[in-house]
Amino acid sequence: MPSEKAKMLAGELYNPRAPELVADRERARELVGLYNQTGATDQESRALLLEELCGSVGERPTVEPPFRCDYGEQITLGDRFFANFGCVFLDVCPIEFGDRCLLGPSVHVYTATHPLDAETRAEGREYGKPVSVGDDVWVGGQAVLNPGVDVGDRSVVASGAVVTRDVPADVVVQGNPAEVVKELG
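Computed from a predicted structure; not experimentally measured.

Reading the values: the criteria
Residues numbered from 1 in each chain as written. Predicted model: local features only at pLDDT ≥ 70, side-chain atom pairs only at ≥ 80, totals over all residues. Heavy atoms only, no water. Phe/Tyr/Trp six-rings, centres within 6.5 Å; stacked < 30°, edge-to-face > 60°. Helix = DSSP H or I, 4+ residues; strand = E, 2+ residues; numbered from the N terminus. Buried < 20%, exposed > 50% of the residue type's maximum accessible area, 1.4 Å probe, protein only. Lys NZ or Arg CZ within 6 Å of the ring centre and 35° of its normal. Pairing = 2+ DSSP bridges. Core = buried A, V, L, I, M, F, W, Y, C linked by side-chain atoms within 4.5 Å. Contact = heavy atoms within 4.5 Å. Polar contact = N/O pair within 3.5 Å; in protein donor to acceptor, adjacent residues only side chain to side chain.

A.B. asks: Help me get a handle on the packing of aromatic side chains, residues and values and all.
C.D. replies: By the definition in use, this model includes three aromatic pairs. Ring geometry for phenylalanine 81 and phenylalanine 97: centres 4.8 Å apart, planes at 45 degrees, overall tilted. Within this pair, whereas phenylalanine 81 is found in the loop between strand 4 (75-77) and strand 5 (82-83), its partner phenylalanine 97 is found in strand 7 (residues 95-97), the two being separated by 16 residues in sequence. Seen from their ring centres, phenylalanine 89 and phenylalanine 97 are 5.2 Å apart, and the 40 degrees between their planes marks the pair as tilted. Just as phenylalanine 89 is buried, phenylalanine 97 falls in that class too. Three or more aromatic residues link up through ring pairs in this structure, and these residues are Phe67, Phe81, Phe89 and Phe97. Over the ring of tyrosine 35 we find arginine 46; its NZ or CZ atom is 5.9 Å from the centre of that ring.

A.B. asks: Hey, could you go over the sheet that holds strand 17 (residues 162-163) for me, with residue numbers and the actual values?
C.D. replies: Within a sheet, neighbouring strands are paired by backbone hydrogen bonds and run either parallel or antiparallel to one another. Ordered by their spatial adjacency, five strands build an open sheet running 3-6-9-14-17, and the pairing between neighbours is parallel. The open sheet is flanked by strand 3 (67-69) and strand 17, the only strands paired with a single partner. Relative to strand 14 (residues 144-145), strand 9 (residues 108-110) runs parallel, the two being bridged by two bridges. Residue pairing for strand 14: histidine 108 is matched across the bridge by valine 144.

A.B. asks: Please set out the nonpolar core residue by residue, giving values where relevant.
C.D. replies: With 38 residues, the main nonpolar core has Phe67, Phe81, Phe89, Phe97 and Leu103 as its most contacted residues. Going through the elements one at a time, helix 2 (19-36), helix 3 (43-53), strand 3, strand 4, strand 6 (87-90), strand 7, strand 12 (131-133) and strand 18 (171-174) are the ones with two or more residues in this core. The element best represented in this core is helix 2, accounting for four residues. Filtering out sequence-adjacent residues up to four positions away, phenylalanine 81 remains in contact with Arg60, Pro61, Thr62, Val63, Phe89, Phe97, Cys101 and Leu103. Counting seven residues, the second-largest nonpolar core is a separate cluster that includes Met8, Ala18, Tyr71 and Val92.

A.B. asks: Can you lay out the side chain of glutamate 4 for me, pointing to particular residues and giving the numbers?
C.D. replies: With respect to the helices and strands, glutamate 4 occurs in helix 1 (residues 4-9). With a relative accessible area of 19%, glutamate 4 lands in the buried category. A polar contact of 2.9 Å, which involves the side chain of glutamate 4, links it to the side chain of lysine 7. Setting aside anything within four residues of it in sequence, one finds glutamate 4 in contact with Tyr14, Asn15, Ala18, Leu21 and Arg125.

A.B. asks: Got a sec to walk through the sheet that holds strand 12? Specific residues and values, please.
C.D. replies: Pairing is parallel across the open sheet formed by five strands, whose spatial order is 1-4-7-12-15. Two strands close off the open sheet at either side, each with one partner strand: strand 1 (56-57) and strand 15 (150-151). Strand direction decides the pairing type here: strand 4 and strand 7, joined by two bridges, are parallel. Counterpart to isoleucine 75 in the pairing with strand 7 is isoleucine 95.

A.B. asks: Explain unusual backbone geometry residue by residue, including any values.
C.D. replies: That bond from proline 65 to proline 66 is cis: its omega, 0 degrees, falls within 30 degrees of zero. As for its position among the elements, proline 66 is in the loop between strand 2 (62-63) and strand 3. The linkage connecting asparagine 176 with the following residue, proline 177, adopts the cis geometry, with an omega of 0 degrees. Mapped onto the secondary structure, proline 177 falls in the loop between strand 18 and strand 19 (179-183). Even without glycine at this site, aspartate 136 takes up a positive phi of about 60 degrees.

A.B. asks: Requested: an account of the environment of valine 162, with residues and values cited.
C.D. replies: The residue valine 162 is located in strand 17 in this model. Among the residues examined, valine 162 registers a relative accessible area of 17% and is labelled buried. In sequence terms valine 162 and glutamine 142 are 20 residues apart; their C-alpha atoms lie 8.9 Å from each other. Discounting chain neighbours no more than four positions away, the residues touching valine 162 are Val144, Asn146, Gly175, Asn176, Pro177 and Ala178.

Note that every value here comes from positions in space, so none of it alone points to a role or purpose.
This is how it looks when you write it as structure tokens:
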């Protein structure tokens, strides 16, 4: 029988109170707490903590504190990734950022979701859907990327946008729900 963590990573209903998952979240909170206490010029400590926290880290990532995540292990940061202050990544499934992605302040990326059926939801089970962001993407401040979305290369997600479905490459999206308002290139 698969573990609750295996179910979580597979996008199946799982019990987030399973001891292994609680321990993994506690580990992430410890590392995030240390990260958020680093000084502005302590790039070496920040780099080491990101490497320990995240599943994969490219060259020269920047994540401005404060930062929050559930597990960290499911997060991939491409080369020269940049996240401004106050970003939140709920990574019960993979969150993958390509190279040279720019995130404005308070961008939230959610892979965690809950059953629509109230009875199942009341049991405390949840599931997730991965999020993928291509290369050279700019996500404006306070935008939200919802579970299961992919954002194509070179696209722009305007500030405050709520992305509920895939964004093709080379477009600008804005609004709630986010809609294509301009083609680039």
